[in-house]
Structure formats: structure tokens, C-alpha cells
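# Descriptive structure summary
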Amino acid sequence: MDNDNPTDPPLATVEPAPEPTLEEYRKLLHSISSFKNDIARERRRREQMETNLRQDFHMPIQSDDDPTATEEEGSLSSNQNKKKMGPRKSMDDYKCFSDLTLDGLDPSPLTEKKKIRPVLENATAPSTTRADTRTFAGISLNPTSLHPKKNTVKFTAEAEKKHNYLDTGRIDEEGGLGRLLEGPAGDNPPENSGPEEIEGIDIPLLPHDTFSYLAFSKLTSISLLVSLFVIGVQCLTLTVLALDMIGEGENGNVLAIPSGINQSTATIQIVAIFIITVGQTDLHDSLNTLFVGYQAEELSQNIGRPIQKWRWSVSLWVRVSITLYALCVTFIMICTESDTTQVLLDFTSIEFVTNLDNIFFWLTAYGYLGFGAQKDATQILNAKPSAVVLAIPENDDGSKAGRRFSVRSGSVGLDSTTLPTKKRRRFPRLLFTTSLFVILMIGWGIIFRWIRDGEFLCGTVFVQFSDDSNPDLAPFTGLYDIGCSDQVSGCRRAKYGESKRGTYGNFSDSAKFAYCVQKASWGFTFGNETGDVLSGETSPCDWLAHSKTVTPKTQDSYDIMTTASEPWRVLNRRGIDVPFSRFDLLCFDCRHDASFCGAPDRGECVNNRCACKNGWYGRRCEFKEPCEMIEFTDPERDIIDGRKFATQYNRMYNDQGQPVEIYGRPVYEGTIADVSTNQVFFNGLRWVLTSNIGDLLRSEEFHGYWSAKWNQYTVEFYSAAVNVDSPEDATSPEGLEWFRPLLIERGRAVQGVDLKSSVPLGFLCASCNDDTNPCLYDGVCRPENSTCECTHGSSGRLCQIPPTENGRCDTFFNSREFSYDGGDCCKQTCVSTNEYDCGRDTVTNAQGVESIVFVGFDNCIDPTNARSVSGSRTIYDIQERGVLNCAMLFTTTWFYNFMVDQCRAMAAVVLDNPNAIQIFNFTNDRFTGLRDKQFDIVLSTDYTANRDVYETSARSGFNYATMPYYFGGFVFAGLKPFGKCADNGDFFSVECLDIKICLVRGTTWFDTASKVFPSETIVAYNNFESTVIGLQNNECNVIGGTQVDVALVSIRNYGYTGDESNYEVGSKLYFKGFETWLTRPDDRVWSRFTSWIFESLVQAEESKITQATSDQMGTTGVFGSEFSGMFQKAVAAVGNYGEMWERNLPFTRSGMNLINDGTAPAMLSYDFGRVSDVGPEPSGNSAIRKIIARDLLICGVTGEGLGFKEYDEDTGTWSGFEIDFCRGIAAALFGGDDTKIEVVLVTTAERFSKIKSGEVDLVPGATRTLEREVNFGVNNDAFDFSPVYFHDGMIFAGEMPHAMCAENQDFSNVDCSKTKICVQSASTWYNALVNTLDIDEEYLILTDDFAESMRLHVAGSCNVIVAESAMVNIFSLRAAGYLVPDDYYFGTKRFTKEPICLMHRSDDQQFSDLIRWIMFGFFYAEENGITSVNFFDMPETNLFGPDFTNMWQNSIRKVGNYAQIYERNIGEAVPRTGMNLLNDLSSPQLFAAPGTI
């Protein structure tokens, strides 16, 4: 309000002072108003009280000269008062005004209902004098208004009310308190303008958070527990985050700071650092509390009890500590993120954690955590410091009157000599906040500079290229050092150049890795450059090899190591982009990790290179004591491929006496008759044997020259690949397989390795050492000359040559490991011991289960007369004996004759006499008789898992022919009503109580019935004929057998004369009875021999070849020339399968015993049998144990195929129909973990060698053929196959008319002559085109795999492609980028049978059994309605030991049954039809694999 009366009493007596200017007053007002919640009198302490006071208790400040001020002159308008009406208070609520003289007040008691109305003209303030006034910066304080017990000044009601006009008031000319206008003096404010309240200085005594509870709460209070809980959660969360960040890092970069960030991320980091600095409320609360200080009396009065200073300090410093801790963690999180969104999320999440103290404080304040906690929170909210009253001084002449201002006493004391205005209060806090921000920015700048300088990038990388796709790159294996082409901008995207270079001729060669922005990938290039490797002109986009595409805006684009786990790709010999079979990219930094070089024992890091101490070698000083001399494992074999080679090689030293090393490995040199030399050294991937380059190897320029140029000398032989950190990674070439080089002309000689052409070469360390290189076979090492003294007739430098195959039986070597002395311990001289029995081992597993293992040397092999034919001892024995021993169960004459015919076909092939057979009618001794060689082959045996894997009666598993000769099942039959009782499994009903069942003991029939019926209801006999006689003699009323056996017409043959009307055959099939040929497991050649003879009989019927036309059957050389016409002989002896049936069985042929023409359902599971039988565990050196020890199942795939096997470059994972089978097998092997698989790319040609070498365990997508299963390739390899999981055939597909020309094999006209057909080499398709269809190779384009064929087809290099129909369809073509025209032709003729299987090694019977029955499990699950949901319904088994009890459950749980796998992956592209449907035991099942015709 305005007060223009010059006679108004002054506000206070003041010292004479110069007249303040209007600008000085404004500055003073501005300074005071800057304090938080300035002069809002007890706004938070008693907010309701303040509202009532301002509205209802109006008291003017009266002058001593003029006590007649009117109410209108000193009051708010009634309208203004009404706007702020609120609950009325009693005078007891206004004790702070007890020192005022209230003569004009109504003396009646003040209650809540009575409005306070002071009589303004009678209300006077206490008188003051000049002596009673203290001056602060020209402003006087009235000491009489001091609180009697505190060193503070209290407010007056009028002063507080007038302060609300602070921003708009002015001081009048006469000293009265008027309005200080914002404009020039004399300007009037707008009419009816009410007071504008401003934010006053409101620094609470205790901040509003849970830390304040530490200052005063009782030890047992809820509020203190809440405070401790919040502190614990904050500390724990921040610590976990800090440890997690440290745990993500590596040596030299423990915080995992990104190797590179882009500009937007850097900007966001700066913004985030600014926000966390200014936005830390706890930090500002701590600063405010420090400025307020410890106010003991104020705290005691407001809280209601004394507060100890140490507790106040604890609450303060705990708050400060956690705040700074959070600030540090947040700063680190911001600096370690390379993604802008993640940066914001990081500091936002930390901000939430640091605000938990505020959140829980308000939860207590609102009463959510109890009344006691709410009371403590209320005390904190009401804890406000008292105020002082400031008066603006006047001049000596009294021309200027003062104006009162309110300032919190916590900040202004009476002993002060200056007024702590808002500016003065703000400056220290601003200085602290700014300093903190500057410190954090300095830290960020240092980190940012490190990032730009490549500090967190790997300084040196080791790269190892495989040489299968492009041998040009293998010599570039080695170390590459970091460098920057632009030192101004830093290493945003570093380049890596080879660490050593040399010159040769006129070239200065270099190789480097660099990032190609255009293609968003890292590339490897090689160029002929001069000067610095890293500043050459070769573009990284002109790459020879490259990584996958990486996101340009992420860390991936800055750090080459992020591509290390992803498959790199290379341009192969044909210039096609294909994946590396193996590419190793490792960081070889030692600067931050002393242990990298084996410090302190093995070496130390010097200039980021490992300097090895004496006796240690290698890039990381990982190798100890390289051998001084190496020698051929067979020193007598020095002539290889007609050339003579040195057999001993000494370590090479240069002219200075220093050892010559390449890639941290020694170089060896041998001399041939002092004329020429051979050298052995490591080329980065393989050891090589060369000739006559010793001088070059000793020269200094060789090391750089070798890594920069390739093949300037002749490589005689290559070793197997020595992959980094593999078991073969050693200082010498011991124990490695060697191969011939492959020479391919491409403008220059580029030498690769021919992995199909091995040589009989090997090395060993010729210096013995009892610790690292001991003598073998009990030999003694003589330390004086490091030579061995051999025993047991062994020889060689290390006694490594055993005396086998010398015609003498040495019992020391008479074991399976040495093939029983190499066959020397033959029939006349073999010495059996407790450990072995002449070619046969008994193995006992951990559960005490014994199993007899056949190793192929029963009675040994006479070295003077190799007792085998085509690799089969059984064939030799049959031919020596002159008769084939067949065992079978005699049931009916018809079925007996049907089986005899099959034996006759076998004898015709082996002995050229179909009648040279001897039939044994077995009872229950068939398995032991077969094991002990009483029989050569057993028929009448159901194909079950327990007999295949482990038959308990014989303590051994057996081999079955792939195709059953009869599909049947076990049923009951008998007299009425007992036949129906047995059919229903009923032995408890009244009419079934007298049931008696006659069965043949030792059969699956007997085992099955024993599970259903009590033993007292079963009568056992030795053969089926006896069971029929028992039925005839009323010894039983039910018999059991196959449908053929129990048919009435069959049992009549055994003399049954019962009434036909009283005999009934059950309809329930208790188990599948698929009868097939059974052979011993120790003669795989014989097993395959018999299996393919039977398949030839089925194939003959398929091809309509009869006994009369048997010469139309094909010939084969897989079993040797002696048996080239084996299939013709078999059909000539007995006819085809249909002829045998018609001749012998008087039953209508139906159902599964018919020929499947390729259209009927054929997917089928064989019966599991007694899966609870406990079989032997896998042995220590078995394929299964090796896979488990490796902790990985390796599946080799021949390129991608839509739905069958697809690679996702984003996730780096494989998926598809065939991949799921690999996953299911992995789940069975690893206890349900289907992720333990590695999928590697192999070509169709190399997949065979990869399996043989053990580099892959399984290859899906392989067609089972005679040649592959028995004798494949130049190395006469043999492979085993899983059950067929997909049936298909080869078709021609392509552009018209070329596809039709190819389908009709017509290339005569002009258009057809331009036909080009893409086909994979070493495939059944290639064999069909060349050998069956006789297509000239001029029309063929050979590729390594189907993916390459598809790429060439899309590119137009070939206009026709051949493959299985499932692989060439509109979906796969579109996926490959082919724009399929409307007239594109998909062939309708299938030219091959393609029974697709998993192919794997054949030398481990147990592994083959495991794969077979896991695959059968997928079909079994579909047959029985078991899916990945109810997988637990799959049976358990102990056939492979206790580790694989749940193998079927685990595989189905992970990938589902066969139908689920099919529909999930290829159901849309290749609808499930024909032979890929499940056979419901009624569809034709006979189907021969290709190879017999």
C-alpha cells in the first residue's frame, strides 16, 4: 500500500547515513529475494497459520510522531482479504507476536470462531532508540524485537505483510514505507493490483529426505529403519552396478569403455553429465544444510528434543557420500556407453536410485509407513529457522525511511558485519556445482581423448586364415599392428597393418585390415604400396576377405574385435564370396596384461610384443623347449612319391648363432647326402616341408617377405592345419598328418593343400626327455646323449616302432591297441590272458555291466595269409568252410522256406552255390551262438533297440540289415473266449481266470507277454511248434506270434485239429515285429554285404527284374572284383522279393510288405524293445566321449537351403529342418542343452574327409548309397547313415527351353546346345548326370556346394540347375534373389532316389547306434502323440549308460517330434506328402536305396 503522509513514524531509529539511491534499494531487494522461499513467514512451518494471519490479523506500523494512522491507510482492501480467507486461529497460535503492544485488541479470548481484528490506531510497536540499533551494511536491526531466548530477530505481522509487496513497493520521500516501483520514482502501480508473493529464502533446518532421520530418530523407530533400508538399497544397487561395469572390462580397460563413439553420442554424454551435476537434489540439500549450519537450539525447539551434533553430522555426510558415490557411478556409466538412448537410460535409472530417499520420505510423511514415521516426517517439514527483521536506513535529516525485510536467522546472525544476500549465498553453491561439472568434464575429455586415440582398441591382433577356400591368404597369417591414417581426428576407425614387411624384387608389399564405410564392414586387402602400410591407396572396399555387415553408428564399426566371433567371408578361387571354414581373430595386446606373456617366469612385454626368456618360445611365450632335432616316425621310409628326403632335421641357426624362428616356432633343416637340403617350418597355418631355401630362411628379409608374398618356392608337403590354441598348436610338427600340395594355375603358381591326398609322413622329437618326451614301451632315456634304450623288441629314436607284423607273437603288444601284435598272435600262437582273449575284449562299466567288444582279430590274423576276403573275416571263414550257417526260428513251413530262400541268395553270392547252406533251428541261444561264430547270420529276429545296442544275454550289441524282410507284429490267438481275453490283456475277469498262454522262451513275444500277464499264466517252450502242440493238448488255450505264425492255416501245418469256429486271432498289435537279418558287430563289411544283398532283391522287384532277367541288375566293385556281379547272382538264385513271396507264402501280400513306389507314407519308428536293460557306457576314446569332452557337437552343412539350413547374419545362428536334428542330438548328448552345437560349412566334396578327420561329427543332407556306405573314394572310406528323415529325388529346373532339353537329354538343336547345368561335384546328382544319363561334361558347370550353384544360376552363369525338388522351388529361388519368370520350368521327372540321412563315421558302433535311435525317437514321438509339451511321456533308457537315461525326453523337449520339426521349418515351402508322411503300419514300406542297379 502507499503511505504518502510525511508524519508517519519511522520504522526504526537509524544512524545518519547518506541518502541511498533508488537503484541501491533495488539491488538490496534483489539480493534478499534470491534466497529460497524468501520472507514467506513460516510458510511451511505453519502454512495454515500464515494464511489466517495475513487475512485476518492486520496491524499497521505506527510512527512515534503520528499515532493516528488509519486502518484504511495500513490495511489490505477487504476484497483482497477475502481472497485469502481460511480457517481462523486463536491467539495461542501466534506466540511469536507476544512482544507487540496490542492495546487496541479485543481483550476477549481468541478462539477459532472469532476473527482477530486489531485496533490499528491503538496498536504500537515497542519504542526504539539509536543506541539500541545495530547496523548491517547500512541497514538497522531493532534489538527490542529479538526473541528473549535466541540470538535472532522475529517478524512483525505488518512487516511480513508489507514484505509481500517486495517486488512492487517503493520507499517514499519522507521515510514512510510505500511502494518501490520498478519504473522511475513517482510512477504509480496499476490499480487494484494485489501483492505478488515471491519465492522467499526457505532453507530448512533438515532436508526433506530419509537421511534426516539419522539426525534425531530413535534407534528403534520405523523412520530410522526406513533410512537405513534406503541407504542399504542405494549402496547395494550402486555397488552392484559398479562391480558389473568393472566385470565387463578386460585388462587395460576394466570399465569396458567403448572403443569408439560417434558425434551424437558424445553430445548426449556431455548433456547427461551437465544434467547429473545440476540435477542432484541430495547434493544441493547437503550444500544448503552446510550453509545453514548446526543450529542446536532451533533444531531442539522444532524437533521437540535435543539433537546431538555428531548425529547431525552423520546424516549430512552420509547424504554427501552417497550422492558423490552415485555421481561417480553415473559418470562412469555415461562414459562407458556408446548408444545415445542407453546413455539417457543409464543416468535416468541412477537418478531414480538416488531419489529413493525422497520417495520414501514422502511415503512416511503421508503415513504409508506408520504413524510414528509420519510424526518424524512432520517434524522435519516444520523445522524452519526463525527470521530477522531488517530495516533500510535513512539519512541524518530523516528524509529517507527504512523498509523492513525478513531473512532467516540461520544465515544472518547479529554478529555479522555484512548481509548474506541471495547473491552471496548463491555464489559458493554455484562455484561448487560449476567446479564439479568442470571436474567431470575434464574426466570425460580425458576418456574421450583416449577413445579417439584408440587407447581401448586392441593394439595388435593375430589373424589366422584358413586355406581351403582361398590358399592365397594363408601366408598372411600373423600379427597386425594398429595405426591411424588421420592423426588429427584420431583412431575413429583404426587400420591394422602387418607388423613385419620386407622387400623382394621391386615390390614393397603390405597387407591391412580397414573399415569400408560404403559396405559397412571390415575388409582385408593386399596391395603393392610404397611407404607406410597404413597410408597406401588400396581401398578397404576392394577386399579379399571381409567381415559381416556392422552397424556404422555403433561401437562395432570402430573395433575390429567385435567381428571376431562372427564368420568372415572370402573370395574363393572362382571369385565367389563364401564363408571361411575357419577364421581366427585374436587380440595379442600385452601392454595391459603382464600374464599375457607369462610374466614373470616365461617372458615380458616389450613394445607390445612378448620378449621370451630363455627356454620359452612362441608369440605369447607359451611353448617350452622346442625339440632340437626331429625325425621321420619311420626313418626307413625316406622315399616318398619317388623322391628322396632327409629323415633327420636339426634346428636352424643364423650366422650370429641365433635360432631362426617363424611365427614363434623353430625352423628345421635336414641334409640329403650333403647334396641338397630340406627345410621344415611353420607358415602360419601349416607346417611345410620344402627344399633348398636354407639361405633365404636365414636372411633377415625372409620374415617380412614370407608374410607379404606367397609361394615363391616349392612346397613339397603340407601338414594338417594347426589352428591357434588347438591341441596341435605346438613348437614342432609332431603327430600331424601330412598331405600333398595342390597346384592350380591362376596367372601364377598358387599352392594349396590337397586334403584328399595324404602321404605316409610323420615327425617326432628325436631327443628323449623323461619329463616331456619319454621313451616308449618301457624304453630307458640316457640323459648323457638324450637317446633311448629300447625293450620288447621296439625300435626307433623313441622306441616308437613296435615289433608288429613280423611273424612273431609278442605278448606285450598282444592287445587291441596294437591290433593284437598286428596279427602276429595268430591262431597257433595267440596267448590269451586275463586282460584279453585273442581279439576279443570284455569291458565292464561303472555299474558292473560287462560287454564283449569285438575288434576284428578273433584268433588273430595270420600275416602270411591274410584271412579275410574284401576285408571280411566272415566271408573268408564261409569260403574256407564251404557252407553258409543260417540260424532261424522254425515256425511254419511256408515262412521257413521264405527265410531259407534268403539264405540261398546269400550262399549264391559268397559260394556260387545257392544250396551250400546249413540251417540251424535256434531256441534261446541265437545271440550267444552268433557271438561265438556258430552262425554266420540269424533270421527270425525282430529289429529292436536293445538287441541293436546291447543284448544282455550275449553282453554285446549286434548289426541289423537296414531293410526288414518282413513287417509284422506280435498278436495273441486261441480258443474262445481266451483269445479275446489275451487280446484285451484280461486275466482277472470270471471268464478269463483260466487263461494259459504258450510262448517261445527267449523271444520278444515272451518278454512282451510277461509284462502284461502274471508268470503263472505263461507256459514256456523252446520253439513255436511246441506251443501249437501245447494248444492242441490243452496245456494252454492261447498262443502268441506274428500274424502269419498264428493264422489257422499255419498251425494246421503243425497238427492242430481244433474247431475253426472256436479259434480266434486277436486284432491288437502288441509290438512291431520287423524281422531282419542279424550279424556280428565285429565284421562291418559282412553286415553291409548281407544288407545290400537283400536290398538288391527289393530293387529288382522295383525295377521289374526277375529271376529270368537277373543280368539286368547292376554291377559293383565296392566289395572287390570277386563280387562285382553279386546282385545278379542273388536274383538269379531266388528271383526278386515278390517272386520269393509268391513261391513260399500262401498269404495275400499286403500293407507294409508291398513295394513303395515313392508315393506312400514311409516314415516309421522301429520297436524300442527292452530299453530298461543297462548297457555299457561309452568308452574313454569313443566318439561319444570325445564329443562330450569337447562340449560341442559339430555339424557340417553344405551351404544354405531354404527351410533346411539357413544362416542368420544378424544373430550369427543357424536354423532349419536339418539343423533341428543336430540340435535334438545335442540335447540328447548334453542333458537337454541343444545350444552345444557348432555348424560349419563344408563343400559336398570335402564333407567326407571332414568326417574322417574328426573335424565334423555329422553331416545332414547326405544321400545313403551303396558306395558311400561300403567303399567310397580313393581312400576306400566307409560311412554310416541315420534312418532316412526325408525322401526326395533329383529334378531339372530352369529357363525354357533349356530345362526341358536337360530333362529329355536332348542337346541337338541350337537352343539346347546352349544349355548350361550347374551341379555339385562329388554328389549323387553329378553321378546321375554323367554315369546314368550320360550327359557330356561340356554342358556342366561344377560347383563346390548347392549355395554356389544357386548363386551362379541367379547370376545367369547357368540356365539350368539340378537338385532335389525340395531344394529348388519358387520359395528358394526368390530367397536367392532370382526373379522367377512365368515360364520357368520345374521338372516333373525324378531321376534319382534321394533317401536323405545324417552321415557320420562308421568306425564307432556305439556312436552309430546312438544316432540311429535318437532319430527313431522323433518318429516314435509322432506315432504316439508325444510333442515338446508332453515330452516326459517318452521312455527312459539305460542302453547307453546312466548319462543318457533321458536322451529321448531331452531331444523331444527341445525340438519336438518329427511332425513338429517338419512343419516348423519346411511345411510351407515343401508340403508334407508321399513318403515323408508317417506310415500307420498299413502303407507299403519296402524301398531300396540307390546303388544296386
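Residues numbered from 1 in each chain as written. Predicted model: local features only at pLDDT ≥ 70, side-chain atom pairs only at ≥ 80, totals over all residues. Heavy atoms only, no water.

## Re a nonpolar patch on the surface
Here is the rule: By definition, no residue in a patch forms a salt bridge, and every one has over 30% relative accessible area; like charges are joined within 9 Å, nonpolar side chains (Val, Leu, Ile, Met, Phe, Trp, Tyr) within 5 Å. Accessible areas in this description were obtained via Shrake-Rupley with a 1.4 Å probe; residue shielding takes into account the shown protein chains only. One speaks of a salt bridge when a side-chain nitrogen belonging to Lys or Arg is within 4 Å of a carboxyl oxygen belonging to Asp or Glu. In this text, helices come from DSSP runs of H or I with a minimum length of four residues, and strands from runs of E with a minimum of two, each type numbered from the N-terminal end.
Together, V271, F274, I275 and V278 make up an exposed nonpolar region whose accessible area comes to about 310 Å². As for its placement among the helices and strands, V278 is situated in helix α8 (residues 263–278).

## So, the state of the cysteines
So the rule is basically this: By definition, disulfides here are pairs of cysteine sulfur atoms that lie within 2.5 Å.
Following the criterion strictly, the structure yields 15 disulfides and no others. Here C981 pairs with C992 through a disulfide, and the sulfurs are 1.9 Å apart. For the disulfide bridge between C981 and C992, the dihedral angle about the S-S bond is near -70°, and by the sign convention the bridge is left-handed. Within this pair, whereas C981 is found in helix α23 (residues 978–984), its partner C992 is found in the loop between α23 and β45 (997–1000), the two being separated by 11 residues in sequence.

## Re unusual backbone geometry
With an omega of 0°, the peptide bond between K976 and P977 qualifies as cis. Cis peptide bonds are those with omega within 30 degrees of zero, and the linkage from M1296 to P1297 qualifies with 5°. Along the chain, the position of P1297 falls in the loop between β57 (1290–1294) and α35 (1298–1303). The backbone phi angle of N692 is positive, close to 60°, even though this residue is not glycine. Structurally, N692 can be placed in the loop between β31 (687–691) and α16 (694–698). Backbone geometry at R955 places phi at a positive 55°, although glycine is not the residue there. By the element assignment, R955 lies in the loop between α22 (945–949) and β43 (959–960).

## Digging into the confidence of the model for the protein
The line we're drawing: Across the chain, each position has a pLDDT score giving the predictor's confidence in that residue, from 0 to 100. Residue contacts are defined here by distance: any two heavy atoms, one from each residue, within 4.5 Å place the two residues in contact.
For the protein, the mean per-residue pLDDT works out to 75, and 74% of the residues sit at or above 70. For residues 528–536, every residue scores under 50 in pLDDT, and the model assigns this stretch 24 contacts once sequence neighbours within four places are set aside. Here residues 707–711 is modelled with pLDDT under 50, and outside its nearest four sequence neighbours on either side it reaches 22 contacts, counting other chains as well.

## Observations concerning the sheet that holds strand β59 (residues 1340–1343)
This is how the line gets drawn: Pairing between strands requires that DSSP locate at least two bridges from one strand to the other.
With respect to topology, 5 strands assemble into an open sheet ordered β59-β58-β60-β57-β61, the strand pairing being mixed. Edge positions in the sheet fall to β59 and β61 (1385–1386), since each has one partner strand and no second. Both strand β58 (residues 1317–1320) and β59 contribute to a ladder of 4 bridges, which runs parallel. In the strand pairing of β59, Q1320 is matched with T1343.

## Details of the nonpolar core
As a reminder, the rule being used: The term nonpolar core refers to a set of buried residues drawn from Ala, Val, Leu, Ile, Met, Phe, Trp, Tyr and Cys, joined through side-chain atoms within 4.5 Å. Throughout this description, buried means an accessible area under 20% of the type-specific maximum (1.4 Å probe, protein chains only), exposed means over 50%, and partly exposed covers the range between.
Residues F1089, L1193, F1217, Y1285 and F1286 are the most contacted members of the largest nonpolar core, which totals 165 residues. Per-element tally for this core: the top contributor is helix α20 (residues 893–911), with 12 residues. Among residues more than four places away in sequence, those in contact with F1089 are I875, M906, V909, V910, F1119, F1123 and M1126. In this structure, F476, A520, V1360 and L1373 belong to the second largest nonpolar core, which totals 58 residues.

## With respect to empty space enclosed by the protein
What counts here: Residues are said to line a cavity or pocket when one of their atoms sits within 4 Å of a point; the points come from a 1 Å grid over protein atoms alone, cavities being sets where a 1.4 Å probe fits but cannot get out and pockets being open sets with protein on both sides within 12 Å along at least five of seven lines. Grid points are joined across faces, edges and corners, and a volume is the space filled by probe spheres set on the points. Charged residues are taken to be Asp, Glu, Lys and Arg, nonpolar residues to be Ala, Val, Leu, Ile, Met, Phe, Trp, Tyr, Cys and Pro, and polar residues to be all remaining types, Gly included.
This structure, assessed with the given rule, holds 13 cavities of 30 Å³ or more. Of the pockets and cavities examined, the largest cavity occupies roughly 630 Å³. What lines the largest cavity is a set of 33 residues, among which T962, Y1166, S1282, P1283 and V1284 lie closest to the centre. Where the lining of the largest cavity is concerned, the elements lending two or more residues are β43, α28 (1084–1102), β55 (1279–1281), β62 (1394–1401) and α39 (1405–1423). Top element by residues in the lining of the largest cavity is α39. It accounts for 4 residues. Of the residues in the lining of the largest cavity, the class split is 19 nonpolar, 6 polar and 8 charged.

## Focus: the packing of aromatic side chains
Put simply, the test is: Between 30 and 60 degrees the pair is tilted, below 30 it is stacked and above 60 it is edge-to-face, where a pair is any two Phe, Tyr or Trp rings, Trp via its six-membered ring, whose centres lie within 6.5 Å. In this scheme, Lys NZ or Arg CZ marks a charge over a ring once it lies within 6 Å of the ring centre and within 35 degrees of the ring normal.
The tally for this structure, following the rule as stated, stands at 82 aromatic pairs. Centroid distance F645 to F717: 5.3 Å. Interplanar angle 55°. Geometry classified as tilted. Here the residue F645 occupies a position in the loop between β25 (643–644) and β26 (648–651), and F717 occupies one in strand β32 (residues 715–719), the gap between them amounting to 72 residues. Comparing F645 with F717 shows no difference in burial state: the two are buried. Members of the aromatic cluster, each reached through a chain of ring pairs, are Y943, Y960, F967, F1074, Y1166, F1168, W1413, F1416, Y1420 and W1448. Across the ring face of W616, the terminal group of R602 is positioned such that the distance to the ring centre comes to 5.5 Å. Lying over the aromatic face of F682, R665 brings its terminal NZ or CZ to 4.2 Å of the ring centre.

## Considering the pairing of β45
Every second residue of β45 is oriented toward a common face, with I997 and L999 on one face and C998 and V1000 on the other, all of them buried. Two elements, β45 and strand β47 (residues 1038–1042), share 2 bridges in a ladder whose sense is parallel. Bridging across to β47, I997 finds its partner in V1038. Bridging between β45 and strand β46 (residues 1018–1021) involves 4 bridges; their strand directions are parallel.

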